[in-house]
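Residue-level structural notes
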Amino acid sequence: MSGRKWAERSLVVAICAAVVGGSATGSMAQAEPHTGAYLAARQAVILGDYPVAADYFTRALTRDPSNPMLLENAVLSYLSLGDLDRALPIAQKMEADGLQSQVASMVLSAAEARAGAFDALLTRMAEDRGTGPLVDGLTVAWAQMGKGDVSAALEIFDKLTEESGLGPFAGYHKALALAMVGDFEGAEALFAAEVGGPLQLTRRAAIARVQILSQLDRDAEAVALLDQMFGTDLDPALAQMRAALAEDAVLPFNMITSPIDGIAEVYHTVASFLRREAGDEYTLLYSRIVSYLRPDHTDAILQSASLLESMEKFELAVATYKQVPSDDPSFHAAELGRAEALRKLGKLDAASEVLEQLTRSHGDLPIVHVTLGDLMRQMERFGDAVTAYDTALSLYPSEEQNQWFIYYARAIAQERQDVWDKAEADFRKALELNPDQPQVLNYLGYSLVEKQVKLDEALDMIERAVAARPDSGYIVDSLGWVLYRLGRYDEAIVHMERAAELMPVDPIVNDHLGDVLWAVGRYREAEFQWTRALSFDPEEKDATRIRRKLEVGLDVVLAEEGAQPLARVANGN
């Protein structure tokens, strides 16, 4: 493991230990109610339907207003939705009842922070009624900043750097605090000393440092940092920054503009690292608090939406992506995410409309056209897919290795339109850019096998693909299939059986295995595999062919198709 990876891993482990003193749901005694509303709420939780769960838990509370389980779950549901205004009175009720709950404390702390009630927030932290050691410690420092006591805040940041797991966070946030009050030299000195460790490798940290360098009139270093961190293919937000620096403009430091922003940033940085280790549901709570404290925190909106997408709560993800305004530099990222969530919901026409609109507002971004092309392929609108990929490729100023996928995707669209000469050219271009890419090797090799041309080259390609992805059922199937096409049935069967182990319910793999079994004379086993293939709902044309093989056998079907007979003599049978 590299030093950077090891440092990141160590930080994540330390964070997970420092974030909480208990679980997200606390340790209260829970008396389970038995109302219909509660049962409906539980079912909604199982289904991951936060809006319905929140509604039914609230209804259940009208019958049993002091039930700890109902209170806890109602707060949790509203916080997961990002509706802290509804969660707050319930959390206040829990605290008044003397119930200890981390999730309620998170809501109460966030409400005090947003209101600028820094004395109340400091009292809460002193009485250990906060979120957890890491968040609470940094919150205290930012609350002191809110009271105007910068010296006390910096002293707290310094003390936190000495605590296990908190040092990188404390150093990073101290740098942000110094920049907020205009001490850009002090902030840059901390960044240069790498006090934030792996935190400095994040996008937001890089942007903060670029803004600080610009304030210090060190634009060349700022540009160099952008290029080092993000390369030349910049998104609109980063491109705007780089263009401004190239024109000697001074970038404002707007990463943190107030102590409330600082507290929001604590939750965001914790959420970003928690996502690697903690569950998505738990990480979402932190991300939602960021948006509550700072509604314009676009990265938090995108993070929440992405978490919801990972949790397969696609309707909520769509609604969250829509919170990013159209004039935000990251609007295109939000719309790409919304289109993907709509696609996963099966709303392909709606996803297409989003992407079509994006080609008009952000048509200069290749990723927009690539994403549209991918959707067109899924919708089997292959001509439109080719057009989208053509546009994407035309937008690049120069040829780059990462364009292999666009050529590969366009090749598939060409192949599905039976334009093989163009498809093969694109496959080979993709391999020129990325010679050992297993997906391309497999697809081109398999296509050559199906066309029964260049079989030796196809075999070499697929063997290379298998070497790179030995556990890919599709690729192992391709190797077995090319060996079958070459008449090397005994070799083919080993790989086909392995492919069937890797993909036991795939109709194509089982159909192929049946053909190979037939070729070596294992007729009953072949018929069994063909029957299995039919049970896995193959495409109708494939199903018709399989049924015909079950009626008359593979030899007759090949003869009816005018194909070459099985090479039994060559195989020694």
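These notes cover the structure that comes with them. This is a predicted model, so every value here is computed, not measured. One numbering rule holds for all chains: residues counted from 1, following each sequence as written. In view of the model being predicted, local features appear only for residues whose pLDDT reaches at least 70, and side-chain atom pairs are presented and counted only at 80 or more, with totals across whole chains, interfaces and linings using the full set of residues. As a rule here, side-chain values cover all heavy atoms of the structure and leave hydrogens and water aside.

In this analysis a 1.4 Å probe is tested at points of a 1 Å grid over the protein atoms alone, and where it fits but cannot get out there is a cavity; an open set with protein on both sides within 12 Å along at least five of seven lines is a pocket; lining residues have an atom within 4 Å of a point. Grid points are joined across faces, edges and corners, and a volume is the space filled by probe spheres set on the points. Of the volumes computed, that of the largest pocket is approximately 1800 Å³. Numbered from the N terminus, helices here are DSSP runs of H or I no shorter than four residues, and strands are runs of E no shorter than two. Contributions of two or more residues to the lining of the largest pocket are made by α21 (366-378), α23 (404-416), α25 (438-451), α27 (473-485), α29 (507-519), α31 (540-552) and α32 (554-561). Residue contributions to the lining of the largest pocket peak at 7 residues, all from α25. Here the residues of the lining of the largest pocket are counted per class, giving 20 nonpolar, 9 polar and 18 charged. Of the pockets and cavities examined, the second largest pocket occupies roughly 600 Å³. What lines the second largest pocket is a set of 23 residues, among which I207, Q211, A237, N254 and P329 lie closest to the centre. With 4 residues, helix α12 (residues 203-215) is the largest single contributor of residues to the lining of the second largest pocket. In this classification, Asp, Glu, Lys and Arg are treated as charged, Ala, Val, Leu, Ile, Met, Phe, Trp, Tyr, Cys and Pro as nonpolar, and every other residue, Gly included, as polar. When its residues are assigned to classes, the lining of the second largest pocket shows 10 nonpolar, 7 polar and 6 charged.

The next thing to look at is unusual backbone geometry. Residues apart from glycine generally show negative phi values, whereas peptide bonds are mostly found in trans. Not every positive phi belongs to a glycine, and D248 is a case in point at roughly 65°. In this fold, D248 is placed in the loop between α14 (236-246) and α15 (259-274). Accessibility expressed as a relative area gives 61% for D248, which makes it exposed. When accessible area is computed with a 1.4 Å probe and restricted to protein chains, residues below 20% of their type maximum are described as buried, those above 50% as exposed, and intermediate ones as partly exposed.

Right, let's get into the pattern of salt bridges. Any carboxyl oxygen of Asp or Glu that lies within 4 Å of a side-chain nitrogen of Lys or Arg is treated as forming a salt bridge with it. Counted by the stated rule, this structure contains 48 salt bridges. With its nearest N and O atoms 3.8 Å apart, the salt bridge here joins K344 to E340. Placement of the pair is K344 and E340 together in helix α19 (residues 331-344), with a separation of 4 residues, close to one helical turn. For K344, a relative accessible area of 39% translates into the label partly exposed. Among the ionic pairs, K454 bridges to E424, the shortest N-O distance being 2.8 Å. Residue K454 is located in the loop between α25 and α26 (455-468), and its partner E424 is located in helix α24 (residues 420-433); the two are separated by 30 residues in the primary sequence. With a relative accessible area of 44%, K454 lands in the partly exposed category. We classify E424 as buried; its relative accessible area is 13%. Sharing partners across several salt bridges, the network here consists of E95, E112, R124, E127 and R129.

As a further point, take the nonpolar core. As used in this record, nonpolar core signifies buried Ala, Val, Leu, Ile, Met, Phe, Trp, Tyr and Cys residues forming a set joined through side-chain atoms within 4.5 Å. Among the nonpolar cores identified, the biggest contains 98 residues, and W142, F253, Y267, Y286 and L293 are the most heavily contacted of them. The greatest single-element share of this core, amounting to 9 residues, is contributed by α15. In this structure L293 touches A110, A113, R114, I260, I263, A264 and Y267, once residues within four positions along its chain are discounted. Listed in part, the 93 residues of the second largest apolar core include Y321, F331, L483 and Y489. Contact definition: two residues touch when any of their heavy atoms are within 4.5 Å.

Topologically, H362 is positioned in the loop between α20 (348-361) and α21. Any N or O atom pair separated by 3.5 Å or less is treated as a polar contact, with the protein-specific requirement of one donor-capable and one acceptor-capable atom, and with residues adjacent in sequence counted only for side-chain atom pairs. Within polar-contact distance, the side chain of H362 engages the side chain of S361 at 2.9 Å. Other than its neighbours up to four places away in sequence, H362 contacts F331, H332 and V368.

We now examine the packing of aromatic side chains. Side-chain rings of Phe, Tyr and Trp, where Trp is taken by its six-membered ring, are said to pair if the distance between their centres is within 6.5 Å; with planes under 30 degrees apart they count as stacked, over 60 as edge-to-face, and otherwise as tilted. On inspection of all chains with the given rule, the structure shows 17 aromatic pairs. Centre to centre, the rings of Y267 and Y286 are 5.8 Å apart; their planes meet at 40°, and the pair counts as tilted. Of this pair, Y267 sits in helix α15 while Y286 is found in helix α16 (residues 280-293), placing the two residues 19 residues apart along the sequence. For Y286, a relative accessible area of 0% puts it in the buried group.

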